[in-house]
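Observations on chain architecture
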Amino acid sequence: MSLVREVMEYDVLVVGAGPSGLSAAIRLKQRARAAGQEVSVCVIEKGSEVGAHLLSGAVFEPRALDELIPDWRDHGAPLATPACEDRFIHLTRTGAYRLPVIPPQMRNHGNFIISLGNLARWLAVQAEELGVEIYPGFAAAEVLYDESGTVTGVATGDMGIGKDGQPTGNFTRGVELHARQTIFAEGCRGSLTKALMERFNLRDDVDPQTYGIGIKELWEIDPAKSQPGLIVHTIGWPLDQKTYGGSWLYHMDGNLVSVGFVVGLDYSNPHLSPFEEFQRYKTHPAIRPTFKGGRRIAYGARTLSEGGFQSIPRLTFPGGLIVGDAAGFLNVPKIKGNHTAMKSGMVAAEAVFDHLVGGADGPEVTAYPERLKDSWLWKELWEVRNIRPGFQKGLWAGLANAAYETAIKGRSPWTLHHRHADNETLVKASEAPKIAYPKPDGVVSFDRLSSVYLSNTNHEENQPAHLQLKDKETPIRVNLALYDAPETLYCPAGVYEIVRSEDGTDPHLQINAQNCVHCKTCDIKDPAQNITWTVPEGGGGPNYPGM
Amino acid sequence: MKILVPVKRVVDYNVKIRVKADGTGVETASVKFSMNPFDEIAVEEAVRLKEAGKATEVVVVSLGPSAAQETLRTALAMGADRAILVQTDAEVQPLAVAKVLKALVDKEQPRIVLLGKQAIDDDCNQTGQMLAALLGWPQGTFASKVAVGDDALTVTREIDGGLETIELTLPAVVTADLRLNEPRYASLPNIMKAKKKPFETLTPGSLGVDVTPRLTTLKVVEPPRRKAGVKVADVAALVDKLKNDARVI
Ligand SMILES: Cc1cc2nc3c(=O)[nH]c(=O)nc-3n(C[C@H](O)[C@H](O)[C@H](O)COP(=O)(O)OP(=O)(O)OC[C@H]3O[C@@H](n4cnc5c(N)ncnc54)[C@H](O)[C@@H]3O)c2cc1C
Ligand code: SF4
């Protein structure tokens, strides 16, 4: 058993095969090919295959793809369902009121309803044809630095470590991937990105990042009800007016419907359960009929960044840079981040290529943020910067502010700020109203376990838990005592459970890590920031069928 | 000594199988595929035999679509020496596979064909047995232990209620059961090296085999859903239910 890690050298290493990472890899190779240069590019991905961990709505704006692969139509890109009709509905307990005007950000003419997983699989094929090496099933577990503190790459995790931390018979040492530049494309709340932000103080002088959790199901519905291209968004019930969130429901080809619910993680009531809000939403009289006679075929959850412009961190550091939703380039009013993720990857690739080939000084690609500021991405995010924070004052004030900001294209002289990180917003359980969620009916609403089952999640059982507690007492002493164990409610996969001895005493937190769908909510929302999400053994996690 | 290991690309064991709405088969669009787990065990065993100096070459072969290349690459990354893809988009049934393998055995002359006991998609458990019959070779099925001698193989088989140990003269066909070994992880450097290993693509036609399906699938249905449990008042009610509703006693 060797403890020395093998080293593999590349010009550029990309961590994460989502839309941002794959676009960066493709652009690098395109530039290299056009310039007649050799640039080696490697992408590693923690999912067992490309797309296995990707989850998105998704209504897709093809702007960045048009720039990346202008002839994507001739290459079979999976953009099958053009957006046809937008509906924006305000739900009350029993009523549904269609808003007469669709906010401009919600108009989707020219866009497509897609599966992000399938788009990424297709992008991966394009990338490999250009010579990019893609290795799914390998998680980047550790950032590597040289003596001067410059990032030199990452190390993949060891495989075959038992629960007790000791190597099993199957032990395989991780490898070191070294690169001249490392592009971190881990998506929302990337685990290595988080460490880099701390190490290089990348969040100094910017607002805290804020987040939302999105829970999604894929349904096969009665063909008589299928309306491919129909896009329905709702706000209002079942959430109260103080809580930011709403639903999406997209009709795709093949009688498929993507349905999901987003809840802003700045919610304050610890009794709130995003999962149960979603299940309850589907029982609304205006929504339920869509699912009658259908069957649910997939389930999953993922967080998204909602901080927007104000929360964009410093994007570069010696040896590397951050792209996509790891940096927080999501347009919140549009709930779209795929086109911006791709664009940021492309801009980064251009800057990295010029840096490497042009022999620029120093290990930091400072041209990347500069070029980003000149791109449409920056303008797009700047214009909508005040819309999400406007909802801190509730739904109606938020909508009014949104209408104003939209009318003047964000040219208001002020910028609204995010005052608190999402882990700071819970009030004490005793001061918050309890919420009585209805029991699942097994027809349109379900419990957590039967849901996680449909995410095809699997982790090698004999490995140390990848959800780590900084302090073992906090879950009981703080979380349970003050907030009634909110992790048992916000985790969409039932990973956290408070178990007690038979007589009801001696509560402790049980972590069913093998159920984890890698959404990262616990890493964000835990009040004391006591939970750290780390990468499990490569390949572990959900196996989403094109989410 | 050469070992031939046939591997099949199947829907991954983590994926919850879904029958197509029209009942013609199972949904395979956007679904993850990987190597049949029993075949992975067969590859591992062959590689271990090579590492132990008992075998000189491990050749992996798959009959299936071009995507089965990936499955073969995985086997190469685990330590196989070279791969053969017999490419076809047709549905492949056990007899057709056995015939293709027979043609390859004639060509490659291995001493052992080591394959999974069954594929987890159709659960047929026939290919190994059919191949042995076509070749006229002895077979050791459901192997949980394999020991290679000069001209013979000792195979421990998993049978109902116990283990059976048999001796086969070589050449022979062996099918792997779950407990034979625990397959290794393919490491990143080995995945890279696998890209450079010899890879040959053939067609059933070039081997002179007709793979046209001989069985027709009439209908595929999901297993009945488990009904919710009921609480019974007493033992008498329980006995009554078991007798009259469930009809199990
Ligand atoms: C519920 C929901 C609905 C959405 N709806 C829409 C929509 O309708 N339209 C739209 O345009 N956008 C939508 N978005 C936003 C969009 O999905 C994201 O902005 C986009 O996916 C970000 O792309 P990315 O490449 O930055 O990250 P991701 O897509 O998250 O990809 C990151 C990849 O990196 C991998 N990874 C992470 N860490 C590691 C590691 N340490 N080692 C190896 N691999 C790693 C992950 O497994 C993943 O494959 C939605 C998002 C959510 C959550
Ligand atoms: S444990 Fe954390 S990351 Fe995993 S599913 Fe639950 S909330 Fe999400």
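These numbers were taken from a predicted model, which means no experiment stands behind them. (Residues numbered from 1 in each chain as written. Chains lettered and ligands numbered in written order. Predicted model: local features only at pLDDT ≥ 70, side-chain atom pairs only at ≥ 80, totals over all residues. Heavy atoms only, no water.)

So, the overall build of chain A
Inclusion rule: In this description a helix means any DSSP run of H or I spanning at least four residues, a strand means any run of E spanning at least two, and both kinds are numbered starting from the N terminus. Radius of gyration: over C-alpha atoms. The globule rule applied is 2.2 Å multiplied by the number of residues raised to the 0.38 power. Only protein chains enter the accessibility calculation, which uses a 1.4 Å probe; a residue whose area is less than 20% of its type maximum is buried, one above 50% is exposed, and one in between is partly exposed.
Secondary structure assignment for chain A yields 14 helices and 24 strands. In terms of C-alpha radius of gyration, chain A reaches 23 Å, essentially the compact-globule figure of 24 Å for 547 residues. With the C-alpha coordinates aligned to their principal axes, the bounding extent of chain A is approximately 65 × 60 × 50 Å. A buried classification covers 63% of the 547 residues belonging to chain A.

Focus on the interface of chain A and chain B
We apply this condition: It only takes one pair of heavy atoms within 4.5 Å for two residues to be counted as in contact. What counts as buried area is the accessible surface, traced by a 1.4 Å probe, that two parts surrender upon association, with contributions from both included. By convention in these notes, a salt bridge is any Lys or Arg side-chain nitrogen within 4 Å of a carboxyl oxygen on Asp or Glu. Each polar contact in these results corresponds to two N or O atoms within 3.5 Å; when the atoms are within protein, one needs to be able to donate a hydrogen and the other to accept it, and residues that are neighboring in sequence are counted only if both atoms are side-chain atoms. Polarity classes work like this: nonpolar for Ala, Val, Leu, Ile, Met, Phe, Trp, Tyr, Cys and Pro, charged for Asp, Glu, Lys and Arg, and polar for all others, with Gly in that last group.
In this complex, chain A contributes 28 residues to the contact, which on the side of chain B involves 22 residues. Summed over both partners, the interface of chain A with chain B buries about 2200 Å², with 55% contributed by carbon and sulfur atoms. In terms of surface lost to chain B, no three residues of chain A exceed A:Y135, A:N170 and A:R295, which account for 25% of the buried area on that side. Between chain A and chain B we count two salt bridges in total. Linking B:R18 and A:E220 is a salt bridge whose minimum nitrogen-to-oxygen distance equals 3.3 Å. Along the contact surface separating chain A from chain B lie 13 residue pairs in polar contact (both at pLDDT 80 or more). Split into classes, the residues belonging to the side of chain A that touches chain B amount to ten nonpolar, ten polar and eight charged.

Some remarks on the pattern of salt bridges
Going through the model one piece at a time under the given rule, you end up with 46 salt bridges over all chains. Of the charged contacts in the structure, one is a salt bridge between A:E85 and A:R98, with a shortest N-O distance of 3.9 Å. Taken together, the residues A:E85 in strand 5 (residues 85-91) and A:R98 in strand 6 (residues 96-98) connect sequence positions 13 residues apart. Residue A:E85 is classed as partly exposed on the basis of its relative accessible area of 31%. With relative accessibility at 51%, the residue A:R98 sits in the exposed group. The partner of B:R111 in a salt bridge is B:D151, and the shortest N-O contact between them spans 3.9 Å. Taken together, the positions of B:R111 in the loop between helix 3 (94-108) and strand 6 (112-116) and B:D151 in the loop between strand 7 (139-148) and strand 8 (152-159) put the pair 40 residues apart, joining distant regions of the chain. Under the relative-accessibility criterion, B:R111 is labelled partly exposed at 30%. The network of salt bridges with shared partners includes A:R27, A:R31, A:E350, A:D354 and A:R371.

Considerations on the site of ligand 1
All names here are of chain A. Here is the rule we go by: Throughout, the term near means that a residue has one or more heavy atoms lying within 4 Å of the molecule or strand in question. All accessibility values rest on the Shrake-Rupley procedure with a 1.4 Å probe; residue burial counts only the protein chains present in the view.
The local shell around ligand 1 holds 38 residues, among which S20, E45, S56, V59 and D325 are the closest. Between ligand 1 and V59, the relevant distance is 2.7 Å, taken from a nitrogen atom to a main-chain nitrogen or oxygen of the residue. Note that an oxygen atom of ligand 1 is positioned 3.5 Å from one of the backbone N or O atoms of A185. Here ligand 1 has 990 Å² of accessible area as a free molecule, and 97% of this is covered by the chains. Of all the elements in the fold, those that place two or more residues in the shell around ligand 1 are helix 1 (19-35), strand 2 (41-45), strand 16 (245-251), strand 18 (295-305) and helix 7 (338-358). Here the shell around ligand 1 takes three residues from strand 18, the largest share from any one element. Taken together, the residues of the shell around ligand 1 break down into 20 nonpolar, twelve polar and six charged.

Things to note about the site of ligand 2
Surrounding ligand 2, one finds 13 residues, the nearest of these being A:C491, A:C516, A:C519, A:K520 and A:C522. Class assignment for the residues of the shell around ligand 2 results in eleven nonpolar, one polar and one charged.

A closer look at the sheet that holds strand 7 of chain B
Residue and element names in this part refer to chain B. Using the following cut-off: In this scheme, strands are said to pair when DSSP sees at least two bridges between them. To obtain each axis, a line is fitted to C-alpha atoms, and for helices this fit is confined to the stretch in contact; angles are then taken between N-to-C directions over 0 to 180 degrees.
Here nine strands make up an open sheet; going across it, the order is 9-8-7-10-6-1-4-5-11 and the pairing mixed. The two strands at the open ends of the sheet, each matched to only one other strand, are strand 9 (162-169) and strand 11 (199-202). With direction set aside, neighbouring strand axes in the sheet form an average angle of 35 degrees. Bridge count between strand 7 and strand 10 (residues 172-176): three bridges; the pairing is parallel. In the sheet register, Q139 faces strand 10, and the bridge partner there is V173. In the packing of helix 1 (residues 37-51) onto the sheet, the strands contacted are strand 1 (2-6), strand 4 (57-64), strand 6, strand 7 and strand 10, and the crossing angle to strand 6 comes to about 145 degrees.

Notes on the UniProt feature "domain: Electron transfer flavoprotein alpha/beta-subunit N-terminal" (unreviewed entry) in chain B
Going by this rule: UniProt positions are given in the numbering used here, feature names are shortened, and annotations may be inferred rather than shown by experiment.
Here the UniProt feature "domain: Electron transfer flavoprotein alpha/beta-subunit N-terminal" (unreviewed entry) sits at residues 23-211 of chain B. A distance of 24 Å separates the end C-alpha atoms of residues 23-211 of chain B, which is 30% helix and 30% strand.

Side note on the confidence of the model for chain B
Keep this limit in mind: A score between 0 and 100, pLDDT records how confident the predictor is in each residue.
Summary statistics for chain B give a mean pLDDT of 94 and a share of 100% for residues scoring 70 or more. Interface confidence for the predicted complex, given as ipTM, is 0.85, next to a pTM of 0.94.

Concerning the nonpolar core
The nonpolar side chains of a soluble globular protein tend to be buried, and buried together. Residue and element names in this part refer to chain A. For clarity, the threshold we go by: Only buried Ala, Val, Leu, Ile, Met, Phe, Trp, Tyr and Cys residues count toward a nonpolar core, and they belong to the same one when joined by side-chain atoms within 4.5 Å.
If you look at the biggest cluster of nonpolar residues, it comprises 85 residues, and the most contacted ones within it are L123, L177, F329 and Y368. With nine residues, the top contributor of residues to this core is helix 7. Counting 79 residues, the second-largest nonpolar core is a separate cluster that includes L55, Y267, Y437 and V535.

A closer look at a nonpolar patch on the surface
Stated formally: Residues with no salt bridge and a relative accessible area higher than 30% make up the patches, which join like charges within 9 Å and nonpolar side chains (Val, Leu, Ile, Met, Phe, Trp, Tyr) within 5 Å.
On the surface, B:V235, B:V239, B:V248 and B:I249 cluster together into a nonpolar patch covering about 380 Å² of accessible area. Locating B:V235 in the fold gives a position in helix 6 (residues 235-245).

Some details on the pairing of strand 10 of chain B
All names here are of chain B. In terms of burial, strand 10 is largely enclosed, as five of its five residues are buried. Side chains of strand 10 alternate between two faces, with A172, V174 and A176 and V173 and T175 buried alike. Judged from the five bridges that link them, strand 6 and strand 10 form a sheet pairing that is parallel. Its bridge partner being in strand 10, L114 is matched across the sheet by V174.

Quick word on the UniProt feature "domain: ETF-QO/FixX C-terminal" (unreviewed entry) in chain A
The feature "domain: ETF-QO/FixX C-terminal" (unreviewed entry), as annotated in UniProt, sits at residues 442-544 of chain A in this numbering. In the segment residues 442-544 of chain A, helix accounts for 24% and strand for 14%; the C-alpha atoms at its two ends are 22 Å apart.

What to know about helix 2 (residues 68-78) of chain B
Here helix 2 of chain B has its buried residues at B:A68, B:T71, B:L72, B:A75, B:L76, B:A77 and B:M78. Remark: B:G79 follows helix 2 of chain B within two positions and exhibits a positive phi of approximately 135 degrees.

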